[in-house]
Amino acid sequence: MTATPGAAQPAHPERPGRSEGVASEFTVFTKIKPGHTEALRELLADIEGKSAGEGNRGAIRQIGTLHDARHVIFDNGTRFMFASVFDGSWDTYIDDFAKTEVGQIFGMIFSHIEGFPGVSDPGAKDWFVAHQEPAGAFFSAYPDLTVQQIWKDQEVDEAFEEVLDTPEFRAALENPANAELVATPAFQRLLELAAS
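Okay, so let's go over this structure.

1. Concerning the pattern of salt bridges
Here's step 1: This structure, assessed with the given rule, holds seven salt bridges.
Here's step 2: Note that arginine 61 and glutamate 155 form a salt bridge whose closest N and O atoms lie 3.2 Å from each other. Of this pair, arginine 61 sits in helix α2 (residues 57–63) while glutamate 155 is found in helix α6 (residues 147–164), placing the two residues 94 residues apart along the sequence.
Here's step 3: You can call arginine 61 partly exposed: its relative accessible area is 41%.
Here's step 4: On the basis of relative accessibility, which here comes to 46%, the residue glutamate 155 falls in the partly exposed class.
Here's step 5: Linking lysine 125 and aspartate 95 is a salt bridge whose minimum nitrogen-to-oxygen distance equals 2.8 Å. Here the residue lysine 125 occupies a position in helix α5 (residues 124–131), and aspartate 95 occupies one in helix α3 (residues 90–99), the gap between them amounting to 30 residues.

2. What about the sheet that holds strand β2 (residues 23–31)?
Here's step 1: One open sheet accounts for four strands, arranged β1-β2-β4-β3; its pairing is antiparallel. Strand pairing shows two members of the sheet lacking a second neighbour, β1 (19–20) and β3 (66–74), which therefore form its edges.
Here's step 2: For β2 and strand β4 (residues 79–87), the ladder comprises nine bridges, and the chain directions are antiparallel. In the sheet register, valine 28 faces β4, and the bridge partner there is phenylalanine 82.

3. Here's the deal with the environment of isoleucine 105
Here's step 1: Relative to the elements of secondary structure, isoleucine 105 occurs in helix α4 (residues 101–110).
Here's step 2: Take isoleucine 105: its relative accessible area is 12%, and that puts it in the buried class.
Here's step 3: Taking C-alpha positions, isoleucine 105 is 9.7 Å from valine 119, a pair spaced 14 residues apart along the chain.

4. Brief notes about the packing of α3 against α5
Here's step 1: At a minimum axis distance of 11 Å, the contact between α3 and α5 shows a crossing angle of 120 degrees. Relative to α5, α3 is oriented oblique. Two packed elements cross with a definite hand, and for α3 against α5 that hand is right-handed. Two secondary-structure elements touch here, α3 through Trp90, Asp91, Ile94 and Asp95 and α5 through Lys125, Phe128 and Val129.
Here's step 2: Residue composition of the contact of α3 with α5, by class: four nonpolar, no polar and three charged.

5. Things to note about the nonpolar core
Here's step 1: Formed by 28 residues in total, the largest nonpolar core has its most connected members in Phe26, Phe80, Phe82, Ile109, Phe110 and Phe128.
Here's step 2: For this core, the elements supplying multiple residues, two or more each, are β2, α1 (37–52), α2, β3, β4, α3, α4 and α5.
Here's step 3: When residues in this core are grouped by element, the largest group, five residues, is from α4.
Here's step 4: Membership of the second largest hydrophobic core comes to eight residues, among which are Phe169, Val182, Phe187 and Ala194.

6. Examining the side chain of arginine 15
Here's step 1: On the secondary structure map, arginine 15 appears in the segment before β1.
Here's step 2: Overall, arginine 15 belongs to the buried group, its relative accessible area being 13%.
Here's step 3: A polar atom in the side chain of arginine 15 sits 2.7 Å from the side chain of aspartate 91.
Here's step 4: Setting aside anything within four residues of it in sequence, one finds arginine 15 in contact with Trp90, Asp91, Lys125 and Val129.

7. A few points about the packing of aromatic side chains
Here's step 1: Counted according to the given criterion, the structure contains 17 aromatic pairs.
Here's step 2: Measuring from ring centre to ring centre gives 5.9 Å for phenylalanine 106 and phenylalanine 128, while their planes differ by 50 degrees; the resulting arrangement is tilted. You can see phenylalanine 106 sitting in helix α4 and its partner phenylalanine 128 sitting in helix α5, a full 22 residues away along the chain.
Here's step 3: Across from the ring centre of tryptophan 151, 4.1 Å away, lies the NZ or CZ of arginine 61, which sits over that ring.

Criteria and thresholds
Residues numbered from 1 in each chain as written. Predicted model: local features only at pLDDT ≥ 70, side-chain atom pairs only at ≥ 80, totals over all residues. Heavy atoms only, no water. Salt bridge = Lys/Arg side-chain N within 4 Å of Asp/Glu carboxyl O. Helix = DSSP H or I, 4+ residues; strand = E, 2+ residues; numbered from the N terminus. Buried < 20%, exposed > 50% of the residue type's maximum accessible area, 1.4 Å probe, protein only. Pairing = 2+ DSSP bridges. Axes fitted to C-alpha atoms, helices over the stretch in contact; angles between N-to-C directions. Parallel < 35°, antiparallel > 145°, perpendicular 65-115°, else oblique. Left-handed = near helix turned anticlockwise from the far one by under 90°. Contact = heavy atoms within 4.5 Å. Nonpolar A, V, L, I, M, F, W, Y, C, P; charged D, E, K, R; others polar. Core = buried A, V, L, I, M, F, W, Y, C linked by side-chain atoms within 4.5 Å. Polar contact = N/O pair within 3.5 Å; in protein donor to acceptor, adjacent residues only side chain to side chain. Phe/Tyr/Trp six-rings, centres within 6.5 Å; stacked < 30°, edge-to-face > 60°. Lys NZ or Arg CZ within 6 Å of the ring centre and 35° of its normal.

Structure follows, in structure tokens:
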């Protein structure tokens, strides 16, 4: 892409990482501070325990763009990888982390990493870019669905399942006044999907 003379330049340099549809990947490889491996393992185990319940879910919902995240200690406890998939712009994603409880957790995790300036530090984005390595290939099972759309679809599905289980719904299906609606391909497809 060639810049047009006089055209406004982007506020930030292009960020590393691959995208498919609305989803983008983010992976950083770092060095763990000497003597911090066990403390980092314990912290990650504690976070995992909270995530299994409701612990971090509220903060993740607060961000609203995070599909998944992985924290990996490797190379005999000397290196650390963080990888995630998110919706939207890279800069907004990093900014959102700094504004939530997840940012505080992120700060605790990365306090065990060499050279990390802090989530709220103005140099944090440059630090992440310096440690980020784009995937060689990136695929998404649902490239056109944002986290928000997936949550909404799940809520609609749960509400529809509740309706399906009521005697009033069965009565409405059997009511001759609704026969034309029930016979439409869209309604039949809806019933087939609900039954599968």
